[in-house]
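Each chain, letter by letter, is given below.
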Amino acid sequence: MDLDVVNMFVIAGGTLAIPILAFVASFLLWPSALIKIYYWYWRRALGMQVRYVRQGDYEFCYSFRGRPGHKPSILMLHGFSAHKDMWLSVVKFLPKNLHLVCVDMPGHEGTTRSSLDDLSIDGQVKRIHQFVECLKLNRKPFHLIGTSMGGHVAGVYAAYYPSDLCSVSLVCPAGLQYTTDNHFVRRLKELQQSAAIEKIPLIPSTPEEMSEMLQLCSYARIKVPQQILQGLVDVRIPHNNFYRKLFLEIVSEKSRYSLHQNMDKIKVPTQIIWGKQDQVLDVSGADMLAKSITNCRVDLLENCGHSVVMERPRKTAKLLVDFLTSLHNIDNNKKLD
């Protein structure tokens, strides 16, 4: 074989080896960095741009795609201890002609975290309204969707600021008062009584606790590699003290049942999406909301737990588009099965 050809293969092999070895090293040694790169790449692939907007000394971080048009804009609120990128799996299946905005909730990811901030549900609703005003998102009525804690905030927002919205989607929202506590809620109450706030199941500090949280929130039983679990924990640990403070605030007497106390004030068309196998917030909450909200549609998902957005992103996108189409004649240019 020609020596030049041999040299070419040696050089090519070395060139390929460098990024492969870098990837393996990142996976084994710095999995948290790899997770951040993954979200960065996914945002770019989906055309989501990150921006910041400031109101006084408070700054919101958000991502967006598209521009406001004749179709309603969609504002997406994530759940407890998550971030704006949790919606990327749903964004992937949404039509590109929609204006989408995903915001980091107060104190999360790139949005200001202040010890003086009111982290109650009312306080978060006011902050999200401040964000909406900053972007002038309510120049015309927009659609609001939130999941879990974000669903709690979205529901109360719909009650407080009805003129801002054309419709709202609540995905397994918190904030309802059940006649019977499920196993998860009973466990939380026991922890509160014993003041064992270090053991809150939704605030993992080890890969084992992270695995338990994923099992709690998901119906599907997927074996996650130890390195990925470690990376997920590494990303969260610096924020765990804030998460504990936030958690105690949203389960306090002031906030725990805010949606329940305001659900009869929701007058805009409402969609409820809930996983039938939700172990965190019981699916019976969907019926509770449907009986209190006049114009309400309920979509229950089989073989799905609390993490609806992560477990069933394609179905969530389809249900959302179908709901918006029924109300606002949204054209769906993407096939959603």
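Up top is the structure.
In this text, all values refer to a predicted model and were calculated from it rather than measured experimentally. (Residues numbered from 1 in each chain as written. Predicted model: local features only at pLDDT ≥ 70, side-chain atom pairs only at ≥ 80, totals over all residues. Heavy atoms only, no water.)

*Asks:* Explain the environment of His328 residue by residue, including any values.
*Replies:* Along the chain, His328 falls in helix 13 (residues 313–328). Put simply, His328 and Lys71 are 257 residues apart on the chain and 7.3 Å apart in space, counted from C-alpha to C-alpha. If sequence neighbours within four positions are ignored, His328 has contacts with Pro72, Cys166 and Ser167. A distance of 3.2 Å separates polar atoms of two side chains, one belonging to His328 and the other to Ser167. (Helix = DSSP H or I, 4+ residues; strand = E, 2+ residues; numbered from the N terminus. Contact = heavy atoms within 4.5 Å. Polar contact = N/O pair within 3.5 Å; in protein donor to acceptor, adjacent residues only side chain to side chain.)

*Asks:* I'd love a proper account of the layout of surface pockets, names of residues and values included.
*Replies:* Of the volumes computed, that of the second largest pocket is approximately 290 Å³. Taken together, 14 residues form the lining of the second largest pocket, with Arg187, Pro201, Glu212, Met213 and Leu216 sitting closest to its centre. Elements represented by at least two residues in the lining of the second largest pocket include exactly helix 6 (183–193) and helix 7 (207–217). Residue contributions to the lining of the second largest pocket peak at 4 residues, all from helix 7. Looking at the lining of the second largest pocket residue by residue, the classes come out as 7 nonpolar, 2 polar and 5 charged. (1 Å grid on protein atoms, 1.4 Å probe; cavity = no way out; pocket = protein on both sides within 12 Å on 5 of 7 lines; lining within 4 Å. Points joined across faces, edges and corners; volume = space filled by probe spheres on them. Nonpolar A, V, L, I, M, F, W, Y, C, P; charged D, E, K, R; others polar.)

*Asks:* Give me the side chain of Asn182: which residues, what numbers.
*Replies:* Structurally, Asn182 is set in the loop between strand 6 (165–171) and helix 6. Filtering out sequence-adjacent residues up to four positions away, Asn182 remains in contact with Gln279, Val280, Leu281 and Asp282.

*Asks:* Explain the pattern of salt bridges residue by residue, including any values.
*Replies:* Pairing between side chains becomes possible if they bear opposite charge and their charged atoms approach one another. Summed over all chains, the structure comprises 10 salt bridges. Across the pair Lys254 and Asp118 runs a salt bridge whose closest N-O atoms are separated by 3.8 Å. Residue Lys254 is located in the loop between helix 9 (240–250) and helix 10 (258–262), and its partner Asp118 is located in the loop between strand 4 (100–103) and helix 4 (121–135); the two are separated by 136 residues in the primary sequence. The exposure class of Asp118 is partly exposed, given its relative accessible area of 34%. The partner of Lys318 in a salt bridge is Asp322, with the nearest N and O atoms 2.8 Å apart. (Salt bridge = Lys/Arg side-chain N within 4 Å of Asp/Glu carboxyl O. Buried < 20%, exposed > 50% of the residue type's maximum accessible area, 1.4 Å probe, protein only.)

*Asks:* Explain the pairing of strand 6 to me, using residue names and the numbers behind them.
*Replies:* Among the 7 residues of strand 6, 7 are classified as buried, and the element is accordingly described as predominantly covered. Direction of pairing for strand 5 (residues 142–147) relative to strand 6: parallel, over a ladder of 6 bridges. Looking at strand 6, one finds that Gly146 is bridged to Leu170. Assessed by its sense of winding, the connection that carries the chain from strand 5 through helix 5 (residues 149–160) to strand 6 is right-handed. Both strand 6 and strand 7 (residues 270–275) contribute to a ladder of 4 bridges, which runs parallel. Paired with Leu170 across the strands is Ile272, a residue of strand 7. (Pairing = 2+ DSSP bridges. Right-handed = clockwise from strand over helix to strand, strands pointing away.)

*Asks:* Can you explain the packing of aromatic side chains? Please cite residues and give values.
*Replies:* Overall, the coordinates contain 12 aromatic pairs when judged by the stated rule. For the pair Tyr38 and Trp42, a centre-to-centre distance of 5.5 Å together with 45° between the ring planes defines the contact as tilted. Linking Tyr38 with Trp42, this pair stays in helix 2 (residues 31–46), spanning 4 residues, or about one helical turn. Taking relative accessible area as the criterion, Tyr38 reaches 46% and is therefore assigned partly exposed. Joined through ring pairs, the aromatic side chains of Tyr58, Phe60, Tyr62, Phe64 and Phe131 make up one cluster. The side chain of Arg113 reaches across the aromatic face of Phe242, ending 4.1 Å from its centre. Over the face of the ring belonging to Tyr58 we find Arg127, whose NZ or CZ atom lies 3.6 Å from the ring centre. (Phe/Tyr/Trp six-rings, centres within 6.5 Å; stacked < 30°, edge-to-face > 60°. Lys NZ or Arg CZ within 6 Å of the ring centre and 35° of its normal.)

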